[in-house]
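What the coordinates show
What follows is each chain in one-letter form.
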Amino acid sequence: MKKEILENTLMSLKETHPGWRPTLAPNNPSSETPDYETLLNWDQNGCLSNYHVTKKLDGIRVELFNGRALSRELKLLGSEDIQMMAELVHQCMPDKYKDVILEGEIWAPGFSRSEISHFVKSENVNSSDKIRKYTNLWHKTAKGTIPYTKKVKGVDTPAYWPYKGRDLEFVTTFPKKLKFHLFDVVLPKDQFLGAPVTKEDRFDLLIAISNAINSHIDGINQDLVEVVYKYQSAFMDFESLMATFDSVLAEPHGEGLMLVEKTAQLKSGRYTFKSGKAFKLKNDTVAFTGRVLSVVEGTVAKEGTAKTVSALGRSKTSQLKEDREPSGMASGLLVEMADKRTLTVGLTGYDHSDRKALLKSPQDFIGQTIVFFGMEPSKVGGLPVQSHYVKPRV
């Protein structure tokens, strides 16, 4: 049933929005904090009036289309509650906008990303299976107060109640605070009428659509959609930009800021950092240390392995173990943290010849303590996210 729903949704999506892909923020240069004072297009008063500046929420990405809630990979989000919310949003949408795509984040203040993910990706958090699973874990951790031991690749590893400060009732009850926080709208091709639709135009339209949806929702005491907070950039100079950025990071689960040129037309796919059209101010260069245990060899698909095509139209090779073989190149470093947990850290700045040489002579790294970069763990007891080691400059 779900497969059929997804296939029909994607078919309709391709008909009304041919070639479209979810808009993604640009990736920042690894291990470096960009010089925004030089990079940004400041106006004659030294302010950001040329940019649309919004808070970046640390939630779960969602694409709302035709009453369905899709991930950025265009897969159906698992939660029945989220899908019911998406259907209600569609029912309350003004008729002339029934075919638009609403891009946003599923988020609520005070919720961590891992908590939101739990509610969004679980089919039904209050099902008997989920209640049984978390009841057992709740007792095993003495109501979330002590660790327990579980096997990870055959090794006894400490594990924790995954939602620190939250009780059993919290993790088995879908929260009413979660809503769709919208940051862009995608019009069907036939509604563009040949005229460019700028970021500022789309944001104004998004506010109108959001207000119309919430005004038509009956029977519940909350809005289902909200437009992300927009700052008064016309009065934001470099000093106030950095102060705003720091204040957002100081908030519980604050992630950063998004800056998009007001005149930017809709971007299908990921913005590039070099384009200068969009910037993501995010604390993703936190330094960590660890001891290298080994060099990890990458894999490639075996010759003749069939390729598939994703919902985004991208060719994909099989990741099944039986369909892959060693590549002869290093893909990362297996690193041990101070608490003895391990993770694989990616390599940045290494070309093919570097990776081959590293795999051939791992002794230069094994046993060494290195500094690598990434983001803070997204959950209690978690490991750094998007970890990468940057090739030293000679």
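For the structure, see preceding data.
Residues numbered from 1 in each chain as written. Predicted model: local features only at pLDDT ≥ 70, side-chain atom pairs only at ≥ 80, totals over all residues. Heavy atoms only, no water.

A word on the packing of aromatic side chains. Here the distance between the centres and the angle between the planes together describe a pair of aromatic rings. Applying the stated criterion across every chain yields a total of 12 aromatic pairs. Pairing tyrosine 36 with phenylalanine 279 gives two aromatic rings, centres 6.1 Å apart and planes at 90 degrees, and the pair type is edge-to-face. Here phenylalanine 279 lies in strand β10 (residues 278-282) and tyrosine 36 lies in helix α2 (residues 36-39), a separation of 243 residues in the sequence. For the residue pair tyrosine 36 and phenylalanine 279, the accessibility class agrees, reading buried in each case. Geometrically, the ring pair formed by tyrosine 134 and tyrosine 163 is tilted, given 6.4 Å between the ring centres and 50 degrees between the ring planes. Taken together, the positions of tyrosine 134 in helix α5 (residues 128-140) and tyrosine 163 in the loop between β6 (155-159) and α6 (168-171) put the pair 29 residues apart, joining distant regions of the chain. The class of tyrosine 134 is buried, set by a relative accessible area of 5%. With a relative accessible area of 10%, tyrosine 163 lands in the buried category. Chaining the aromatic ring pairs together yields one cluster made of Phe111, Phe119, Phe170 and Phe174. (Phe/Tyr/Trp six-rings, centres within 6.5 Å; stacked < 30°, edge-to-face > 60°. Helix = DSSP H or I, 4+ residues; strand = E, 2+ residues; numbered from the N terminus. Buried < 20%, exposed > 50% of the residue type's maximum accessible area, 1.4 Å probe, protein only.)

With that out of the way, let us pick up unusual backbone geometry. Unusually for a residue other than glycine, asparagine 66 sits at a positive phi of about 55 degrees. Within the secondary structure, asparagine 66 sits in the loop between β2 (60-65) and β3 (68-70). Owing to a relative accessible area of 35%, asparagine 66 belongs among the partly exposed residues under this scheme. Notably, alanine 142 is not glycine yet its phi reads approximately 50 degrees, a positive angle. For alanine 142, the position within the fold is in the loop between α5 and β5 (148-152).

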